[in-house]
Amino acid sequence: MTLIIDLQYFPTVTYYKISYKEINVVFDIYERHQKMSFTNRCRVLGAAGFQWLTVPIVNGRDQRSLIKDIRIANDYKWQLQHWRTLTACYNRSPWFEFYKDELWSLYSRKVDFLVDWNLSCMQWVSQKLGLFTEFELLAPNQTVQEFHPYLDLRNTITPKSVESIEIQPYYQVFEDRIGFQPHASILDLLFCEGRAAKTWLEHHK
């Protein structure tokens, strides 16, 4: 089975719960950018609840380009800002110290296109989770029907749609203050559960 799905920025735990066991994953980069989606935004958990990390894009307010053509607005020091937020949110988590050096290496690289950034994030997470997933980008003039059999989940995992999906609790840093908060970025699960994150995905599909 081939999974056809949109390429997101450090997707939610929900995204991985749904797609975890799919070995062949194809990202459609020929769709148009949807505002307020997870394409250039992810959400992490701080003491007051969810915080959005948004990758600034060129002509962001009027951006309707194909995903493959979206350029990152690197005039802003967004990577440093995101890194500081991640540190503030997760420096008390059990596994942040273990992953932080390699993750900082990712955030310290300049990337011009959103596709390249998101793909790097997906590959980083897959490596840390030990997922043997093959990523492929949809080619020009290629149709999803060529991947028969396939599962098409494009534009189904959105900030609104995930709220209706049940997630079993796992340890979270600020759970004693704000309770368990589902549908955070996969980074939340990774920093809080570490190597056990893969086991959690296996048993909570």
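So, here is what we can say about the structure in this document. (Residues numbered from 1 in each chain as written. Predicted model: local features only at pLDDT ≥ 70, side-chain atom pairs only at ≥ 80, totals over all residues. Heavy atoms only, no water.)

## Things to note about unusual backbone geometry
Formally: Counting from the N terminus, the helices are DSSP H or I runs at least four residues long and the strands are E runs at least two residues long.
The peptide bond linking His 148 to Pro 149 adopts the cis configuration, its omega dihedral lying at -5 degrees. Turning to its location among the elements, Pro 149 is positioned in the loop between β5 (134-137) and β6 (150-152). Within the chain, Phe 10 stands out as a residue other than glycine whose phi angle is a positive 35 degrees. With a phi close to 60 degrees, Asn 155 is a non-glycine residue in the positive phi region. Looking at the secondary structure, you find Asn 155 in the loop between β6 and α5 (175-178).

## Some remarks on the nonpolar core
The condition that has to hold: For our purposes a nonpolar core is just a set of buried Ala, Val, Leu, Ile, Met, Phe, Trp, Tyr and Cys residues, chained together by side-chain atoms within 4.5 Å. Whether a residue is buried, partly exposed or exposed follows from its accessible area with a 1.4 Å probe, protein chains only, as a fraction of its type maximum: under 20%, in between, or over 50%, in that order. Contacts were defined at the residue level, with two residues in contact if any of their heavy atoms lie within 4.5 Å.
One finds Phe 10 and Trp 117 to be the most contacted residues of the largest nonpolar core, which totals 61 residues. Element by element, the count of residues in this core is highest for helix α4 (residues 114-129), at nine residues. In contact with Phe 10, other than residues within four places in its own chain, are Cys 42, Leu 103, Leu 106, Tyr 107, Cys 121, Trp 124, Val 125, Ser 185, Ile 186 and Leu 187. In this structure, Ile 4, Val 26, Leu 138 and Val 144 belong to the second largest nonpolar core, which totals five residues.

## Here we look at the packing of aromatic side chains
The cut-off we apply is this: When the centres of two rings from Phe, Tyr and Trp lie within 6.5 Å, Trp using its six-membered ring, the rings pair. Their planes under 30 degrees apart give stacked, over 60 give edge-to-face, and anything left gives tilted. In our convention, an over-ring charge means Lys NZ or Arg CZ found within 6 Å of a ring centre and within 35 degrees of that ring's normal.
Using the criterion set out here, one finds 21 aromatic pairs in the structure. Taken together, a centroid distance of 5.1 Å and an interplanar angle of 85 degrees make the contact between Phe 96 and Phe 191 edge-to-face. One end of the pair, Phe 96, is in helix α3 (residues 96-107); the other, Phe 191, is in helix α6 (residues 186-193), with 95 residues separating them in the sequence. Taken as a pair, Phe 96 and Phe 191 share a single burial class, namely buried. Seen in terms of ring centroids, Phe 98 and Tyr 99 are 5.0 Å apart; in terms of plane orientation they differ by 85 degrees. Their pairing is edge-to-face. Cation over ring: Arg 41 sits above Trp 52, and NZ or CZ is 3.9 Å from the ring centre. Residue placement shows Arg 43 over the ring face of Phe 50; its charged tip is 4.4 Å from the ring centre.

## A word on the pairing of strand β3 (residues 41-46)
Definition in use: Think of it this way: DSSP has to see at least two bridges between two strands before they count as a pair.
With six of six residues buried, β3 is to be regarded as a mostly interior element. With antiparallel pairing between neighbouring strands as the criterion, β3 and strand β4 (residues 49-54) make up a hairpin whose turn holds two residues.

## As for helix α7 (residues 196-203)
To keep it simple, the criterion reads: Our arc is simply the arc of the directions from the helix axis toward the C-beta atoms.
All of the buried residues in α7 are Ala 197, Trp 200 and Leu 201. For α7, the buried positions fall inside an angular range of 95 degrees around the axis, keeping them on one side. Those residues of α7 hidden inside the fold are in contact with α1 (13-19), α4 and α6.

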